[in-house]
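Next come the chains, spelled out residue by residue.
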Amino acid sequence: MIAVRVQAEPFDLAAEATALTAGRTDIGALVTFTGLVRDHGLSLEHYPGMTERQLCAVADEACARWPVLAGTVVHRYGDLGPGDPIVFVAVAAAHRAAAFEAASFLMDWLKTRAPFWKRAGDEWVAANASDDEAAARWGGLPGDREPG
Amino acid sequence: MLYFAWVRERVGVAEETIDLPPALVTVADLLDWLATRSPGHAAALSDRSAVRVGVDQDFAGFDAPIAGAREIAIFPPVTGG
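Residues numbered from 1 in each chain as written. Chains lettered and ligands numbered in written order. Predicted model: local features only at pLDDT ≥ 70, side-chain atom pairs only at ≥ 80, totals over all residues. Heavy atoms only, no water.

## Things to note about the overall build of chain A
In plain terms, the rule: What counts as a helix is a DSSP run of H or I of at least four residues, what counts as a strand is a run of E of at least two, and both are numbered from the N terminus. In this setup the radius of gyration rests on C-alpha atoms only. A globule is expected at 2.2 Å times the number of residues raised to 0.38. Each accessible area is a Shrake-Rupley result for a 1.4 Å probe, and residues are judged covered by the shown protein chains and nothing else.
For chain A, the count of helices and strands is four helices and eight strands. Listing every helix and strand of chain A by position from the N terminus yields β-α-β-β-α-β-β-β-α-β-β-α. For 148 residues, the compact-globule estimate of 2.2 N^0.38 gives 15 Å, and chain A sits close to it at 15 Å. Considered along the principal axes of its C-alpha atoms, chain A spans approximately 50 × 35 × 25 Å. When the accessible surface of chain A is summed, it comes to about 7,100 Å², and 52% of that surface belongs to carbon and sulfur atoms.

Now the structure itself:
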């Protein structure tokens, strides 16, 4: 019910949102989040296969936790410039609470569990402890494993 | 074996095919053994708290078994979004 895509190509925010709700009369709330590259360009590496597999698992988890009617997750990889959209999450539901919460859940998971690695210039970007704290509020997330 | 981000850079290759010694039972055993393969492997694996592991495309703890695994990946903590 939530479609996931991993791609190098840009995406069109308006087109993604419109496609999600076209012809539907049961959707009362559509929450969209777009992450943009700040300040400097980035290069993103990912783990083809595992990324899609884990994204599908978390999308299923979101649908199990909230009454989601439709959704889209797009995450880009490759070289991105300042201001470029890097990630898109859209969740449609009958009412806003489920849409807001499911979108937030998906983003927290993407920041902390999706196998992507950012490189800025010559430096690999380090994982951010505040992202882990944000993700902790959801309890267990798919992919949770602490090193032994 | 697959390596990503700075783990790949330190090991020096993105992937390698290895027949693992049967004595290796867990992910931790594998990391200990891999670290002896080359100075690059040793450098990549010197700080175990800085690496994460995927076994057949699922996250795996260091105590996870590796028997029968076909694809094992080692990478830094993720930084997506």
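## Some remarks on the state of the cysteines
Residue and element names in this part refer to chain A. Counted only if it meets this: We call a pair of cysteine sulfur atoms a disulfide when they lie within 2.5 Å. Exposed residues in this analysis have more than 50% of their type's maximum accessible area, buried residues have under 20%, and partly exposed residues fall in between, with area computed by a 1.4 Å probe over protein chains only.
In total, this model carries zero disulfides over all chains according to the counting rule given. Counting only cysteine sulfurs, Cys-63 is the nearest neighbor of Cys-56, a cysteine outside any disulfide, at a range of 11 Å. Judged by relative accessible area, which is 37%, Cys-56 ranks as partly exposed.

## Remarks on the environment of Ile-72 of chain B
Residues and elements named next belong to chain B. Stated precisely, the cut-off is as follows: Whether two residues are in contact is decided by their heavy atoms, any of which lying within 4.5 Å being enough.
Within the element layout of this structure, Ile-72 appears in strand E4 (residues 72-75). Among the residues examined, Ile-72 registers a relative accessible area of 4% and is labelled buried. Spatially, the C-alpha atoms of Ile-72 and Glu-15 are 9.8 Å apart, while their sequence positions differ by 57 residues. Ignoring any residue separated from it by four or fewer positions in sequence, one finds Ile-72 in contact with Met-1, Leu-2, Leu-20, Leu-30, Val-53, Gly-54, Val-55 and Ile-66.

## Quick notes on the nonpolar core
For clarity, the threshold we go by: Side-chain atoms within 4.5 Å are what join buried Ala, Val, Leu, Ile, Met, Phe, Trp, Tyr and Cys residues into a set we call a nonpolar core.
Val-27 and Ile-74 of chain B are the most contacted members of the largest nonpolar core, which has 35 residues in total. Broken down by secondary-structure element, the contributors of at least two residues to this core are strand E1 (2-3), helix H1 (5-11), helix H2 (27-34), strand E2 (52-55), strand E3 (58-60) and E4 of chain B. When neighbours within four sequence positions are excluded, Val-27 of chain B is seen to be in contact with Val-53, Val-55, Ala-60, Gly-61, Phe-62, Ala-64 and Ile-66 of chain B. The next biggest cluster of nonpolar side chains, apart from the first, holds 32 residues, and it includes Ile-86, Val-89, Val-91 and Ala-98 of chain A.

## A closer look at the pairing of strand E7 (residues 116-120) of chain A
Residues and elements named next belong to chain A. This is how the line gets drawn: Strands are treated as partners if at least two bridges between them are detected by DSSP.
In this sheet, E7 lies alongside strand E3 (residues 42-46) in antiparallel orientation, the contact comprising four bridges. Looking at E7, one finds that Ser-43 is bridged to Arg-119. Of the strand pairs in this sheet, E7 and strand E8 (residues 123-124) are connected by two bridges, and their pairing is antiparallel. Residue pairing for E8: Arg-119 is matched across the bridge by Trp-124. The loop that links E7 with its antiparallel partner E8 comprises two residues; one of these, Gly-121, has a positive phi angle of about 65°.

## Some thoughts on the pairing of strand E6 (residues 85-93) of chain A
Residues and elements named next belong to chain A. When you tally the buried positions in E6, you get nine out of nine residues, the bulk of the element. Relative to E6, strand E2 (residues 29-36) runs antiparallel, the two being bridged by eight bridges. Within the sheet, the bridge partner assigned to Thr-32 lies in E6 and is Ala-90. Across seven bridges, strand E4 (residues 68-76) lies against E6 in antiparallel orientation. Across the sheet, residue Val-74 finds its bridge partner in E6, namely Phe-88.

## Side note on the sheet that holds E4 of chain A
Residue and element names in this part refer to chain A. Rule in force here: Angles run from 0 to 180 degrees between N-to-C directions of axes, and those axes are lines fitted to C-alpha atoms, restricted for helices to the stretch in contact.
Sheet architecture is open: four strands sit in the order E1-E4-E6-E2, paired in mixed fashion. Each edge of the open sheet is held by one strand with a lone partner, namely strand E1 (2-7) and E2. Here the average twist between neighbouring strands, direction ignored, is 5°. As paired strands, E1 and E4 are joined by six bridges and run parallel to one another. Each bridged residue has a counterpart across the sheet, and for Arg-5 the counterpart in E4 is Val-74. The strands that helix H2 (residues 50-65) touches are E1 and E4; relative to E1, the one it contacts most, it runs at about 155°. Across the sheet, helix H3 (residues 96-112) is in contact with E1, E2, E4 and E6; its angle to E6 comes to roughly 150°.

Everything listed is a geometric property; what it means functionally is a separate question.
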